[in-house]
Amino acid sequence: MPVLCVNVDHVATLRQARMGIEPEPVTAAYMAEMAGAVGIIMHLREDRRHVQDRDIELVRKTCNTRLHFEMAATDEMQRIALDVDPETVCLVPEKREELTTEGGLNCVGREQELADFLAPLHEKGVRSSLFIDADKAQIEAAKNIGAEFIEIHTGHYADAKEFGERQVELKKIVEGVAYARELGLKVNLGHGLNYRNILAFRNVPGISEYSIGHSIIARSIYVGLDRAVRDMADLIRTFVD
Ligand code: PXP
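Residues numbered from 1 in each chain as written. Predicted model: local features only at pLDDT ≥ 70, side-chain atom pairs only at ≥ 80, totals over all residues. Heavy atoms only, no water.

A. Summary view of the nonpolar core. Residues Leu130, Leu189, Phe201, Tyr210 and Ile216 are the most contacted members of the largest nonpolar core, which totals 71 residues. The dominant element in this core, judged by the number of residues it contributes, is helix H10 (residues 225-237), at seven residues. For Leu189, the contacting residues outside a window of four places in its chain are Glu151, Ile152, Thr154, Ile173, Val177, Phe201, Ile207, Glu209, Tyr210 and Ser211. (Core = buried A, V, L, I, M, F, W, Y, C linked by side-chain atoms within 4.5 Å. Buried < 20%, exposed > 50% of the residue type's maximum accessible area, 1.4 Å probe, protein only. Helix = DSSP H or I, 4+ residues; strand = E, 2+ residues; numbered from the N terminus. Contact = heavy atoms within 4.5 Å.)

Next comes the structure, spelled out in C-alpha cells:
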C-alpha cells in the first residue's frame, strides 16, 4: 500500500519568519506521525532558510517512524547526514535564488561522482533516493548510481495550468514509474501534490511513498494539523499498490 511521508519544512519557514521559537517543527513531526504519516521529511538547505541543524537533531531523537533527510550533494551535508544517521537521504538540486526545489537532480554523466558520494552513507546502512524528473536517461542513471529509491518530481505536473499540458506531464510520470519499477527501483513521488491533483495517481501501481509538505501545512491552518495529515493519509490508503 502506498504511504504518506510529511515534509515539515514549512513549519520551520513560519518560525523563521520571526526567527523565534514557534511553531515548532519537532512538535509538528510528532503530530504528523500520530495522524498517520509513516515518515518525516526535512530538507536542511545550505542557506538554512527554514530547517535548522537542531531541528534535524531533535527529530532524529524523537522520530517514531522514519526520518528522510533531503539534502544537496555537498561535503557539509554528507558530514551532517553521517552524523544524524537518517533512515534515508534524498539528494536534491539546490539553488540559492529558488523559492523551492524547481526540478530534478541531473544524474546523467554524474553516475560515478554520485555513487562515490553515497558510498559512505550506504556503508552506514542509510538508504538513498534521488529526486529526478520522469526521464528515462535520469532513471537509468539513478539505477547505475545504486540508489534504492527515486523520487519522481511531480512539480511540472502540479504546476501545469492547461488540461492538455497536465495530461502530458502526468503521462511522463506514469511511464517513469513503470520504467523505474522495471529496472528494480522503488519509486516515490513528490512536489506540489495536493488533495485534488494526487487523485490522478489513485490507480497507478508501483508507488511506494508520497512526499508532501506545502498542501498539508496550508490546510492545517484551517482544520488543524491532525486533520490535515489524516485526510491525506486516508486518501492515499485508497490508492492501488
Ligand atoms: N520532495 C522534494 C524533493 C522536495 O524538495 C519537496 C519540497 O521541499 C517536496 C517533496 C514536497 O513538496 P511540497 O511542499 O510541494 O509538497
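There is more to say after this.
B. A look at the pattern of salt bridges. Taken as a whole and judged by the stated rule, the model has 17 salt bridges. In this structure, Asp231 and Arg227 form a salt bridge, with 3.2 Å as the shortest nitrogen-oxygen distance. Of this pair, Asp231 and Arg227 both sit in helix H10, four residues apart, roughly one helical turn. Among the residues examined, Asp231 registers a relative accessible area of 22% and is labelled partly exposed. Each of Arg15, Glu24, Arg54 and Asp55 takes part in salt bridges that share partners, so that together they form one network. (Salt bridge = Lys/Arg side-chain N within 4 Å of Asp/Glu carboxyl O.)

C. Focus on the packing of aromatic side chains. In this structure the tally under the stated criterion is two aromatic pairs. Measuring from ring centre to ring centre gives 5.4 Å for Tyr157 and Phe201, while their planes differ by 75°; the resulting arrangement is edge-to-face. With a gap of 44 residues between them, Tyr157 in helix H7 (residues 155-159) and Phe201 in the loop between strand E7 (186-190) and strand E8 (207-212) connect regions that are remote in the sequence. By the burial criterion, Tyr157 is buried, and Phe201 matches it. When the ring of Tyr210 is compared with that of Phe239, the centres are 5.7 Å apart and the planes differ by 85°; the resulting orientation is edge-to-face. You can see Tyr210 sitting in strand E8 and its partner Phe239 sitting in the segment after H10, a full 29 residues away along the chain. As far as burial versus exposure is concerned, Tyr210 and Phe239 are alike and both buried. The ring centre of Tyr179 lies 4.6 Å from the NZ or CZ of Lys136, which sits over that ring. (Phe/Tyr/Trp six-rings, centres within 6.5 Å; stacked < 30°, edge-to-face > 60°. Lys NZ or Arg CZ within 6 Å of the ring centre and 35° of its normal.)

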